[in-house]
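Residues per chain, in single letters:
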Amino acid sequence: MSSELDEPVLGGLRNLGGHMSQEQRFGILSALDLVDEYVSVPTAIGDAIVAFNQHGISYLRVATTPAQFAAGYARQIGPRPLTPARRPPPGLVTALRTGRTGRIRVDLRSHAPFQRDVLAAAREIPVGEVRPYRWIAAAIGRPNATRAVGTALGHNPVPLVIPCHRVVRSDGKPGGYVFGAVSKEGILRREGVDIDYLVALHRRGVGYIGSDTTGVFCHPTCHNARRITDEHRVLLRDAMHAQNRHFRPCRACRPVPSAA
DNA sequence: TCGGTGGCCCTTA
DNA sequence: ATAAGGGCCACCG
């Protein structure tokens, strides 16, 4: 668990703090941005270990040991000491259970601006819904960077907390995932996403669903699309097709034009 | 339908 | 500083 750095640092403060409790010591070290705490939490795909500090969750991995976790942490985040925590940050376990992780704070300080933008956009996808990689690219103002979006999501330091599993391929298939494509499918199904339906829609050439009463078109999983009754449901090939038929894009799910 | 190909673009070694 | 490579995508056979 210990890097070369943490013994001198922890040892020094231990002496300085005299008989301080572990919590008190962490409080000081955390305030100085010198350590993260880590703790195990249950998730939909098994127990995870999360690291966190005063800024938020910094790292999450599933099916790992503290030693492996620390190694991954050092590689992706940096050589910062980790110290065991007694309990997870308030609200985290519930948020992971419901998938509503939007208000959980995350610490992305060690990541590049592009990565942060990508991850921030991914956070906007609600439980039970999915968006294509292309959608993230458009959302952050880099419509051609879809491949780089995939790479950035692949480096998501806090999967599940930032729901990168809700970003899928344009053909409706789930695509890759940091914990494996199988887990991605499992998580999405558990969140209520019907992957087979999405693939079937795409095979039929349907990219969006419109309502002929509101004149709005949506991603198929958008909560607004799901409320359209059968008789008013219009199947649309792509955004161009939709606009030609005078549908306007849903303000909630923000359909984007297909790539040039 | 599946698999390969070329294009894209950000990050890292 | 540059080149390789990756959770993509559209296109083609």
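These numbers were taken from a predicted model, which means no experiment stands behind them. Residue numbers restart at each chain and count upward from 1, following the sequence in its written direction. Lettering of chains starts at A and numbering of ligands starts at 1, both following the order in which they are written. It should be noted that, the model being predicted, local features are given only for residues of pLDDT at least 70 and side-chain atom pairs only at 80 or more, the latter also being counted only at that level, while totals for whole chains, interfaces and linings use all residues. Computation of side-chain values covers all heavy atoms of the structure but excludes hydrogens and water.

Q: Could you clarify how one ought to interpret the protein's contact with DNA strand C in this entry?
A: Neighbouring DNA strand C are 18 residues; Tyr133, Arg147, Leu153, Gly154 and Ser170 lie closest to it. Near is defined per residue: the residue qualifies when any heavy atom it owns lies within 4 Å of the molecule or strand. Taking the atoms of DNA strand C that fall within 4 Å of the protein, sugar and phosphate contribute 41% of them. What qualifies as a polar contact is a pair of N or O atoms within 3.5 Å, subject to a donor-acceptor requirement within protein and to the restriction that residues adjacent in sequence count only when both atoms come from side chains. Tyr133 places a polar side-chain atom, nitrogen or oxygen, 2.7 Å from a base nitrogen of DNA strand C. One of the side-chain nitrogen or oxygen atoms of Lys184 is found 3.1 Å away from a base nitrogen of DNA strand C. Where the surface near DNA strand C is concerned, the elements lending two or more residues are helix H6 (133-139) and helix H7 (146-154). Looking at the surface near DNA strand C, the element that brings in the most residues is H7, giving 7 residues. By the criteria applied, helices consist of DSSP H or I runs no shorter than four residues and strands consist of E runs no shorter than two, each listed in order from the N terminus.

Q: Honestly, the sheet that holds strand E1 (residues 36-43) in this entry has me stumped. Any pointers?
A: DSSP-based pairing: two strands are paired if at least 2 bridges between them are found. What the 4 strands build is an open sheet, ordered E3-E2-E1-E4; its pairing is mixed. Both edges of this open sheet fall to strand E3 (56-62) and strand E4 (82-84), since each of them pairs with a single strand only. Averaged over neighbouring strand pairs, the angle between their axes works out to 35 degrees when direction is ignored. Should any heavy atoms of two residues lie within 4.5 Å, those residues are counted as being in contact. The convention used is that axes are lines fitted to C-alpha atoms, helices contributing only their stretch in contact, and that angles between N-to-C directions extend from 0 to 180 degrees. Sheet contacts for helix H3 (residues 66-76): E1, strand E2 (46-53), E3 and E4; angle to E3, the most-contacted strand, approximately 125 degrees.

Q: Sorry, what's going on with the packing of helix H5 (residues 113-122) against H7 here?
A: The axes of two packed helices give the description: the angle between them and the distance between them. One way to put it is that H5 packs onto H7 with a least axis distance of 9 Å and a crossing angle of 85 degrees. Considered as vectors, H5 and H7 are oriented roughly perpendicular to each other. Across from Phe114, Gln115, Val118, Leu119 and Ala122 in H5, the residues of H7 making contact are Ala148, Val149, Ala152 and Leu153. We call Asp, Glu, Lys and Arg charged. Ala, Val, Leu, Ile, Met, Phe, Trp, Tyr, Cys and Pro are nonpolar, and the rest, Gly among them, are polar. The class makeup of the residues in the contact of H5 with H7 is 8 nonpolar, 1 polar and no charged. In what follows, roughly perpendicular refers to angles from 65 to 115 degrees, roughly parallel to angles under 35, roughly antiparallel to angles over 145, and oblique to any angle outside these ranges.

Q: Please clarify how the state of the cysteines should be interpreted in this entry.
A: A disulfide bridge is the covalent bond that connects two cysteines by way of their sulfur atoms. Here, the term disulfide refers to a pair of cysteine sulfur atoms separated by no more than 2.5 Å. Across all of its chains, the model carries 0 disulfides by this definition. With no disulfide of its own, Cys250 has Cys218 as its nearest cysteine by sulfur position, at a separation of 3.7 Å. Exposure is judged per residue with a 1.4 Å probe applied to protein chains only, and the accessible area is read against the type maximum: over 50% gives exposed, under 20% gives buried, and values in between give partly exposed. Looking at Cys250, the relative accessible area reads 4%, which means it is buried.

Q: Please clarify how H5 should be interpreted in this entry.
A: Burial in H5 covers these residues: Gln115, Val118, Leu119, Ala121 and Ala122. Seen end-on, H5 carries its buried residues on one side only, within an arc spanning 160 degrees. On its buried side, H5 packs onto H6, H7 and strand E6 (167-168). Taken from the helix axis, the directions to the C-beta atoms give the arc we talk about.

Q: Which parts of the structure should I look at to understand the packing of aromatic side chains?
A: Describing an aromatic ring pair means giving the distance of the ring centres and the angle of the ring planes. Each Phe, Tyr or Trp ring, with Trp reduced to its six-membered ring, pairs with another whose centre is within 6.5 Å; inter-plane angles below 30 degrees give stacked pairs, above 60 give edge-to-face pairs, and intermediate values give tilted ones. The final tally for this structure, using the stated rule, is 6 aromatic pairs. Where Tyr38 meets Phe69, the ring centres are 6.4 Å apart and the plane angle is 40 degrees; that geometry is what we call tilted. Pair noted here: Tyr38 is in strand E1 and Phe69 is in helix H3, with a separation of 31 residues, a long-range link. According to the relative accessible area criterion, Tyr38 is buried, its value standing at 13%. Residue classification places Phe69 among the buried residues on the basis of a relative accessible area of 1%. Between Tyr208 and Phe217, the ring centres sit 5.4 Å apart and the planes meet at 80 degrees, which makes this aromatic pair edge-to-face.

Q: It is not clear to me how the protein's contact with DNA strand B should be interpreted in this structure. Could you clarify?
A: Within the structure, DNA strand B sits among Ala112, Phe114, Gln115, Arg142, Asn144, Ala145, Arg147, Ala148, Lys173 and Arg203. Sugar plus phosphate: this is where 77% of the atoms of DNA strand B within 4 Å of the protein reside. Contact distances for DNA strand B include 3.0 Å between a phosphate oxygen and a side-chain N or O atom of Arg142. Residue Asn144 places a side-chain N or O atom 3.4 Å away from a phosphate oxygen belonging to DNA strand B. Counting residues per element, the ones that place at least two in the surface near DNA strand B are H5 and H7.

Q: Is there a simple way to think about the domain arrangement of chain A in this case?
A: Accessible area lost on assembly of the parts is the figure often given for the size of an interface. In this entry, domain limits derive from an automatic or database-based domain assignment. Once the domains are mapped, chain A shows domain 1 (3-98), domain 2 (114-195) and domain 3 (204-260). Counting residues at the interface gives 14 residues for domain 1, matched by 13 residues for domain 2. Scanning the region where domain 1 abuts domain 2 turns up 3 residue pairs in polar contact (both at pLDDT 80 or more). Examining the composition of the side of domain 1 that touches domain 2, we find that 6 residues originate from one element, E3, more than from any other. Looking at the side of domain 1 that touches domain 2 residue by residue, the class counts come to 9 nonpolar, 4 polar and 1 charged.

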